[in-house]
Amino acid sequence: MKQLLLGDEAIAQGAIDSGISGVYAYPGTPSTEIMEYIQHIEITQNIGIHCAWSTNEKTAMESALGMSYAGKRVIVCMKHVGLNVAADPFMNAAITGVNGGLMVVSADDPSMHSSQNEQDSRFFGKFALIPMLEPSTQQEAYDMVHYGLDLSETFKVPVLMRLTTRLAHSRTGITRKESLPQNLLNTPKNKSQFILLPANARLRYKNLLSLQKDFENKAFDSNFNQFTDNGDHQIGIIACGIAINYVMENAIDGKIKYPLLKISQYPVSKKIIDQISSVCKTILVFEDGYPFIEEQLKGLISNNNVIKGRLSGDIPRDGELNPSIVGNALGIAPAETMKVPGIVVNRPPTLCKGCSHIDTFNALNEAIKTYTSDRVFSDIGCYTLGALPPFNSINTCVDMGASITMAKGAADAGLVPAIAVIGDSTFTHSGMTGLLDAVINNSTIKVIICDNETTGMTGGQPSSTTGRLEQICLGLGVKREHLKVIVPLRKNHQDNIKIMTDEFEYKGLSVIISQRECIQTASRNKKF
Ligand SMILES: Cc1ncc(C[n+]2csc(CCOP(=O)(O)OP(=O)(O)O)c2C)c(N)n1
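These figures come from a predicted structure and were not determined experimentally. Note that residues are indexed from 1 along each chain, following the sequence as it is written. Per-residue local features are limited, in this predicted model, to residues with pLDDT of at least 70; the limit for side-chain atom pairs, both in listing and counting, is 80 or more; totals at the level of whole chains, interfaces and linings are taken over all residues. With hydrogens and water stripped out, all remaining heavy atoms of the structure feed into the side-chain values.

A. Representation of the sheet that holds strand β17 (residues 483-486) within the structure. We treat two strands as partners when DSSP finds at least two bridges between them. Put simply, DSSP marks the helices as runs of H or I at least four residues long and the strands as runs of E at least two long, and each gets a number from the N terminus on. Pairing in this open sheet of five strands is parallel, and the strands run β14-β15-β16-β18-β17 from one edge to the other. Edge strands, defined here as strands with exactly one partner in the open sheet, are β14 (376-377) and β17. Strand direction decides the pairing type here: strand β16 (residues 445-451) and strand β18 (residues 510-515), joined by six bridges, are parallel. Note that in β18 the partner of Ile 448 across the bridge is Ile 512. Residues count as neighbours in contact if any of their non-hydrogen atoms are within 4.5 Å of one another. Where helices are involved, their axes are fitted lines through C-alpha atoms of the stretch in contact, as for all axes, and angles between N-to-C directions lie from 0 to 180°. Of the strands in this sheet, β14, β15 (418-423) and β16 touch helix α17 (residues 402-412), which is tilted by about 175° from β15.

B. Focus on the domain arrangement of the protein. According to the domain assignment, the protein consists of domain 1 (2-185 + 195-210), domain 2 (226-329) and domain 3 (356-526). Buried area counts how much accessible surface, traced with a 1.4 Å probe, disappears from two parts once they are put together, with both parts' losses summed. Together, the buried faces of domain 1 and domain 3 total about 900 Å²; carbon and sulfur atoms form 55% of this surface. When the buried surface of domain 1 facing domain 3 is broken down by residue, Tyr 26, Thr 55 and Gln 116 rank first, second and third, together holding 49% of it. Here a polar contact is recorded for every N or O atom pair within 3.5 Å, except that within protein the pair must consist of a potential hydrogen donor and a potential acceptor, and residues adjacent in sequence are included only if both atoms are side-chain atoms. Our count for the contact surface shared by domain 1 and domain 3 stands at six residue pairs in polar contact (both at pLDDT 80 or more). Here the bounds of each domain stem from an automatic or database domain assignment.

C. Spotlight on the pairing of strand β9 (residues 236-240). Burial here depends on accessible area, computed with a 1.4 Å probe over protein chains only, as a share of the maximum for the residue type. Under 20% is buried, over 50% is exposed, and the range in between is partly exposed. Counting buried positions over the five residues of β9 gives five, a clear majority of the element. Neither face of β9 is exposed, since Gly 236, Ile 238 and Cys 240 on one face and Ile 237 and Ala 239 on the opposite face are all buried. Where β9 lies against strand β12 (residues 282-286), four bridges are found, and the strand directions are parallel. Note on β12: the bridge partner recorded for Ile 237 is Leu 284.

D. Structural view of the site of the ligand. Neighbouring the ligand are 26 residues; Glu 57, His 357, Cys 382, Thr 426 and Gly 456 lie closest to it. At 2.5 Å from an oxygen atom of the ligand is found a side-chain nitrogen or oxygen belonging to Thr 426. Met 457 places a polar main-chain atom, nitrogen or oxygen, 2.9 Å from an oxygen atom of the ligand. Calculation of accessible area relied on Shrake-Rupley with a 1.4 Å probe; when residues are assessed, cover is drawn exclusively from the protein chains displayed. Protein chains shield 98% of the accessible area of the ligand, which is 590 Å² for the free molecule. Points on a 1 Å grid over protein atoms alone make up a cavity when a 1.4 Å probe fits among them but cannot get out, and a pocket when they form an open set with protein on both sides within 12 Å along at least five of seven lines; lining residues each have an atom within 4 Å of a point. If over half the atoms of a molecule are within 2 Å of the grid points of a cavity or pocket, the molecule is regarded as sitting in it. When atom positions are compared with the pocket grids, the ligand is found to occupy the largest pocket. With four residues, the top contributor of residues to the shell around the ligand is helix α18 (residues 424-441). Tallied by class, the residues present in the shell around the ligand amount to nine nonpolar, 14 polar and three charged. Each of domain 1 (2-185 + 195-210) and domain 3 (356-526) contributes no fewer than three residues to the shell around the ligand. Any residue with a non-hydrogen atom lying within 4 Å of a molecule or strand is treated as near it. Ten residue types, Ala, Val, Leu, Ile, Met, Phe, Trp, Tyr, Cys and Pro, are classed as nonpolar, four, Asp, Glu, Lys and Arg, as charged, and the remainder, Gly among them, as polar.

E. The arrangement of the layout of surface pockets in detail. Approximately 790 Å³ is the volume found for the largest pocket. Lining the largest pocket are 42 residues, with Lys 79, Gln 116, Ile 380, Gly 381 and Met 400 positioned closest to its centre. Elements supplying a minimum of two residues to the lining of the largest pocket: α4 (57-69), α5 (80-85) and α18. When residues in the lining of the largest pocket are grouped by element, the largest group, five residues, is from α18. Grid points are joined across faces, edges and corners, and a volume is the space filled by probe spheres set on the points.

F. Fine view of the nonpolar core. What is meant by a nonpolar core is a set of buried Ala, Val, Leu, Ile, Met, Phe, Trp, Tyr and Cys residues, joined one to another through side-chain atoms within 4.5 Å. Formed by 103 residues in total, the largest nonpolar core has its most connected members in Ile 238, Phe 286 and Ile 293. Shared between two domains, this core takes at least three residues from each, and those domains are domain 1 (2-185 + 195-210) and domain 2 (226-329). Apart from the residues within four sequence positions on either side, Ile 293 is in contact with Arg 122, Ile 238, Cys 240, Ile 263, Tyr 266, Val 268, Val 285 and Glu 287. One finds Cys 355, Phe 361, Ala 363 and Phe 504 within the second-largest nonpolar core, a separate group that totals 45 residues.

G. Inspection of the pattern of salt bridges at higher detail. By convention in these notes, a salt bridge is any Lys or Arg side-chain nitrogen within 4 Å of a carboxyl oxygen on Asp or Glu. By the definition in use, this model includes 25 salt bridges. In this structure, Asp 17 engages Arg 176 in a salt bridge whose closest nitrogen and oxygen atoms are separated by 2.8 Å. Here Arg 176 lies in the loop between β7 (171-175) and α10 (198-210) and Asp 17 lies in helix α1 (residues 7-17), a separation of 159 residues in the sequence. Residue Lys 257 is joined to Asp 232 by a salt bridge in which the shortest nitrogen-to-oxygen separation is 3.8 Å. Here the residue Lys 257 occupies a position in the loop between α12 (243-248) and β10 (260-263), and Asp 232 occupies one in the loop between β8 (226-228) and β9, the gap between them amounting to 25 residues.

Shown next as C-alpha cells:
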C-alpha cells in the first residue's frame, strides 16, 4: 500500500525504515518537516530513535558523527545555509570517515522562497569529496536514504543528499520497504580513525582520495542515473534531480525525442557524460541551483561539443527552473494546461496581529530617535520583518548571529551605540559567542533579544533558551545592572522606551531581553 508523503516526510520515513538510531537537525525551510515527521510518528518512541532539535547545525552534525562513531545509523538535516554553519565538522567527517551509516540531508532553496541566498549544496559534496544523491521524486528520496546509508557503510564515508524546495514540499504516494533493525553499539576497530592529528589525517585523506574512482563507478552503475538515447541527436539533454520532471512535462505523447541523461548520483564521471556527448554535439543542461554540472562539462567533453545552460545564457542564471523555462529552452510551446493562471497574487509578509515584536519595534523606534537611524543590526527570524513598513527599524540582516557581531564591528569603528536585534533561538544558534566577544571588549553595543520563547519563523519549534536566557547572559559575563528584562506590551510602552533610552546612554554593553510568548504558540497552547 502506498503512503502519501511530502519529499521531506519520505526522507524521514526512509530513515526510520533504514534502521536509524537518531536524527539531528536545526529547523530551516525547506528541511524542517523531516525532523517533525520523525518526532510525531508513534514508532519513534517505541523503537527509541533520538529526535530532539539541536542548538545549531554544527552541533547537529557533530552529534550525528558521534552516533555514527558508536556504530549506529544516523541522519542530520538542515537547510542549505545551515551547511555553512556545519561546514567544519562536515568537511572533517569526510576525512575521519564514519562507522555507522551517516547521511547529511541539505535542502536547497532556489528562488530564495525563504532564504538569504540560493547556494547549491552540491558544491559542498564535491568539496568534501563524498558521494552525493539528488532525488528527482519523493519515491527516489525514500529509496535513496536506504541506498545512501548502505553506501555510507560500504565505503565508510558520509553521504550527502541534496534536495530542493519543490520536492521537499510536494506530496506523492510512496511504496515502503521492509524496516531494518537498528545497528548494535559498535565502536570503530581502527582506534586512530577519528583522531585527526596531522599524521593520521594525512592517511585518512589519502584513503578518501583513493575512493574517488569507486564513487564514480558506483554513480555510473547506479539506477538513479539513466541514459536513454531517444533518437533525435540534434540536442542531448542532461537533467538533474527534480529538473527531470520539468523535461518530462514537456514530453509529447509521453516521449522526449532527444537523448536524455538523468543524473541523480554524483560524482559526475567522464564515463557517464561520454554516453551523451559521443552522440550529441549540442548538450543542454537543466539543473536547479548553480551550473554545477555545466561547469564541470568543459573538462569532460571535447571542444567540438556546444554546452548550453545557465552559464551560456540559454536558461536564466538565477531562480528555480519550471516546465515553461525548460520547454522554452527546448523550443516547445507550453501546453494550455501548463500555464499558471494569475489567481495567486503575492503579498508581502507581515508580523502577526498581537506579535510581541511589534511592541519591541515600537519602543525601539521611539528610544532611538535621538540618534541617526542607521545603527540597528538585525538578524534572521520573524523580527526581520522590522525592516518593512510601518517599522523600518532595522538596517541589516545577513546570517544567523551576525546582528551582535556586526554591531560590535560598527561600534569598534565608532558607531556608538550600535544596536543588535536578535531572536532567542538565533541567539543560542550563533549569537552567544558574539556576545562573549562584546563582553570581553565591553563594547558599546545594546543587544535586544526578542525572546518569544520559540523558534517562530520556522513554525514554533522549541528554543534552547527558554527558561534560561538570563542565566546564559549572566554566565557569559553581562553585568547584572545592564541586563534588563522588559515585557513588550502596549501598556508598558513608556516604561520600555525609558529602559531602552537609559541603556542607550550607557557607554558599555547592555542586554535587553524583550520577553513575551509568541502569539501563535500561545494560542496553540490555549493560553488565549
Ligand atoms: C544557518 C541557518 N539555519 C536556519 C535558518 C532558518 N531560520 C531562519 S530564522 C530562524 C530562527 C528564528 O527563531 P528566533 O530567532 O527565535 O526568532 P523568531 O522567528 O521566533 O522571531 C531559523 C531557524 C537560517 N536562516 N539559517
